[in-house]
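What follows is the residue order along each chain.
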Amino acid sequence: MRRDRDSDRHARFTRRALLLGVGQAALLGGLGARQYWLTMVEGSKYKVLADDNRIGMRLQAPSRGLIFDRTGEPLAANRNNYRVVMTAEKLRQAEESLERLDKILGLGEVERKRLLSQFRRFAPITVKENLSWEQVAQIEFNGPELPGVAIELGQTRDYFQAELMSHVVGYVGRVDRRDLGEDDDPLLQLPGMRIGKKGIEKRYDEQLRGKAGAVQMEVNAVGRVVRELDRSDGEPGANLLLTVDLELQRWVTERLKNESAAAVVMDVVTGDILALVSVPGFDSNAFARGITQSEWNDLLNHPMKPLFNKAVAGAYPPGSTYKMVTALAALEAGVIDPWTPLPCTGSIDLPGKDQKKYCWIYPGGHGWLNVQGALAQSCDCFFYEAAKRAGVERISDMAFKLGFGRPTGAGLPEESSALQPTRAWKQESQSKAWNIGDTYNLGIGQGDMLATPLQLAVMTARIANGGYEVKPRLVASVARARDQLTAPPVQTAPDAPSLRLKPQNIAAVKQGMVMVVNGEHGTAWASRITQREMAMAGKTGTSQVKRITESERDRRMSQMELPWHLRHHALFVAYAPIDNPRYACALIVEHGMGGSSTAAPITKDILLQTQKLDPSRKPGRFKTASVHGVPEAANVAERK
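Parameters and conventions
Residues numbered from 1 in each chain as written. Predicted model: local features only at pLDDT ≥ 70, side-chain atom pairs only at ≥ 80, totals over all residues. Heavy atoms only, no water. Helix = DSSP H or I, 4+ residues; strand = E, 2+ residues; numbered from the N terminus. Buried < 20%, exposed > 50% of the residue type's maximum accessible area, 1.4 Å probe, protein only. Contact = heavy atoms within 4.5 Å. Areas by Shrake-Rupley, 256 points an atom, 1.4 Å probe, with all protein chains shown as cover. Core = buried A, V, L, I, M, F, W, Y, C linked by side-chain atoms within 4.5 Å. Phe/Tyr/Trp six-rings, centres within 6.5 Å; stacked < 30°, edge-to-face > 60°. Lys NZ or Arg CZ within 6 Å of the ring centre and 35° of its normal. Axes fitted to C-alpha atoms, helices over the stretch in contact; angles between N-to-C directions. Parallel < 35°, antiparallel > 145°, perpendicular 65-115°, else oblique. Left-handed = near helix turned anticlockwise from the far one by under 90°. Pairing = 2+ DSSP bridges. pLDDT = per-residue confidence, 0-100.

Turning next to the overall build of the protein chain. For the protein chain, the helix and strand inventory stands at 24 helices and 20 strands. The buried share of the protein chain, reckoned over its 640 residues, is 52%. Considering only intrachain contacts with a sequence separation of at least 6, the fraction spanning at least 24 residues in the protein chain is 74%. For the protein chain, the accessible area works out to roughly 30500 Å², and carbon and sulfur atoms hold 51% of it.

What follows covers the nonpolar core. One finds Ile200 and Phe404 to be the most contacted residues of the largest nonpolar core, which totals 101 residues. Sort the elements by how many residues they give to this core and helix α20 (residues 453-464) lands first, with 8 residues. Excluding its chain neighbours within four sequence positions, the residues that come into contact with Phe404 are Tyr322, Val325, Ala399, Gln420, Met449, Ala451, Gln455, Leu456 and Met459. Counting residues in each nonpolar core, the second largest holds 31 residues, with Val265, Leu274, Ala275 and Ile602 among its members.

Turning next to the packing of aromatic side chains. Inspection of the entire model under this criterion finds 7 aromatic pairs. A ring pair is formed by Phe287 and Trp296, whose centres lie 6.2 Å apart and whose planes are at 85°; its orientation type is edge-to-face. Considering the side-chain rings of Phe382 and Phe383, the 5.1 Å spacing of their centres and the 70° angle between planes classify their relative orientation as edge-to-face. Taken individually, Phe382 and Phe383 each receive the classification buried, so the pair is uniform in this respect. Taken together, Tyr171, Phe282, Phe287 and Trp296 form an aromatic cluster joined through their ring pairs. For the cation-ring pair, Arg203 lies above Tyr204, with the distance from its terminal atom to the ring centre recorded as 4.8 Å. The side chain of Arg528 reaches across the aromatic face of Trp525, ending 3.6 Å from its centre.

Attention now moves to the packing of helix α14 (residues 323-333) against helix α16 (residues 380-390). Running from N to C, α14 and α16 point in directions that differ by 45°, and their axes come no closer than 9 Å. Taken as axis vectors, α14 and α16 run oblique relative to one another. For the pair α14 and α16, the crossing hand works out as left-handed. Contacts between α14 and α16 involve Lys323, Thr326, Ala327, Ala329 and Ala330 on the former and, on the latter, Asp380, Phe383, Ala386, Ala387 and Ala390.

Looking now at the pairing of strand β7 (residues 194-198). Successive side chains on a regular strand alternate, one facing one side of the sheet and the next facing the other. Among the 5 residues of β7, 4 are classified as buried, and the element is accordingly described as predominantly covered. In the sheet, strand β6 (residues 171-174) pairs with β7 via 4 bridges, with the strands oriented antiparallel. In the sheet register, Tyr171 faces β7, and the bridge partner there is Lys198.

Where the residue is not glycine, phi is negative for most of them; where a peptide bond is considered, it is trans in most cases. Here Val279 and Pro280 are connected by a cis peptide whose omega angle stands at 0°. By secondary structure assignment, the location of Pro280 is in the loop between β12 (273-279) and α11 (284-289). For the bond running from Ala576 to Pro577, omega is -10°, close enough to zero to count as cis. As for its placement among the helices and strands, Pro577 is situated in the loop between β19 (569-576) and β20 (583-589). Even without a glycine there, the phi angle at Arg500 is positive, about 60°. For Arg500, the position within the fold is in the loop between β17 (475-479) and α21 (503-518).

To continue, consider the confidence of the model for the protein chain. Scored by pLDDT, the protein chain has a mean of 84; 83% of the residues are at 70 or more. Counted against residues more than four places away or in other chains, residues 624-640, with its pLDDT under 50, gives 33 contacts.

Taking strand neighbours across the sheet as the criterion, the 5 strands line up as β12-β11-β20-β19-β18 in an open arrangement whose pairing is antiparallel. Of all strands in the sheet, those bounded by a partner on one side alone are β12 and β18 (537-543). Going from strand to strand, the sheet's axes swing by 5° on average, the running direction of each strand aside. Taken together, the 6 bridges between strand β11 (residues 261-267) and β12 define a ladder with antiparallel strand orientation. From the neighbouring strand, Ala263 faces β12, where its bridge partner is Val277.

On to the side chain of Thr156, then. Note on placement: Thr156 falls in strand β5 (residues 149-159). Not counting residues up to four positions away in its chain, the partners in contact with Thr156 are Ala77, Asn78, Arg79, Asn81 and Asn130.

In structure tokens, the structure reads:
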């Protein structure tokens, strides 16, 4: 009986042992199969995932392209700087790292909050740039307590003629959300990335930006870089050669010092813009490094608006500088010829209304004048009548041919189209019909008519060169970093299409402009250039800021009696030399009161200096050694 019980117990034990063994074998088999699946079948997949945890890939911003003036003088280059970058997995980790960095860098609570607002998991954030050696050493020394924090070598944009070229070159700034919405370039996601915000820097940003490189790095469990595994260099941005002559730009700026003014000097043959000045300017380096709130407020509240590019964005009534448009429209339409005399009695009646339009000489008037005399003495009544005969359509068509009413395409994103009023424009914008008073106003460049100084320079250039549609340009050459920039070629005749204006009509208008400056009765006689080979032709202009009342006209109120901001703008356009025109200049002095008294003398000095420098005929001034490529040009900032 006992033997049967032992046998039964042994059988049960054997079965249990067998079941346990089978279970163990199945478990081991499953583990083995799973290990085989993970290592042999999907091993490469999990190796990639493991490497993703261990190895990080970062884009590297390329070196931004350099900008030079027409002679090869550097205007914008790059300077190396050290910056601290933080990468965190969790918000709490970022908060702790910033608290520790605050003790070293003195960030402050406001800056810490701003940086935390940028937090994205594993996305690098630039905490501070332009670190001192002491700050770099402190961060490296405290490295174990700063997980995810690293020192990187970045670049800062340097502007060598910061205020002088601020409105032309512009500046770079941090990427904001609006930039990210407009451009899907992954470069914009990089910490500390700067893109063009104004001027040439903005217009040519994509070419200047270059293509990103990449760095492969090994990181530890807390995200700290252990070593660099691989690096592929990006492609530096393209270099630009501008048409602006830095020496002339500096001279014009100095001549306009203490004014609120704008001047454009243009080659009438090629369209090259040799100087584009808006004063006052601003320090573009302040924007490149990061402008402070107090600096920003000072610029915004300045009465002369230094941030505003008056040369291309300022839209002003052109006043009497527009009379060449009216003259050409009337001459081309055949409603007058170069010898047609028209009377000026000091005023002209508005048909059907008990109102008058006045000449600037009132009440005496100029008497009988042809188009040349009317331009020379800037007779308003002559151009009221000429405008009435030509009609708004012909005047507007001529204005569009000469460059008004649309951006010139010179290359600055801030450029305004200003306003060339037409019959259709008034009906659409004001729901009013065009009337004869509007035509009179348009004929003398007043009323709704607006123009930029650049448009006035284009008009003057197209008249001076005999009626060729030259287009203004600011960039002479664009080249990859390792290619040679090309100097502007010497050109003796326009290769632009003809405006198809009758030579005798162009000649009549040009002769009128000659008489403005060189005729004894000309409005700019006092500003003539006495050297015959450099003599200039031009046209004065004064545009009203405040409407003159009847009582003010009767008592001949002086502009000096008005506050500065209500005084007339002073304008002058001119070209030189008379015999073989090469350079055109347009100038406006805000609230300068009189074109003949204020603007003409300045323009005379500018055109004299331009002819002395003669940049369009001197390619030998181009300093090719400074633009051979990145290796040499990259050191420009160090030679500053």
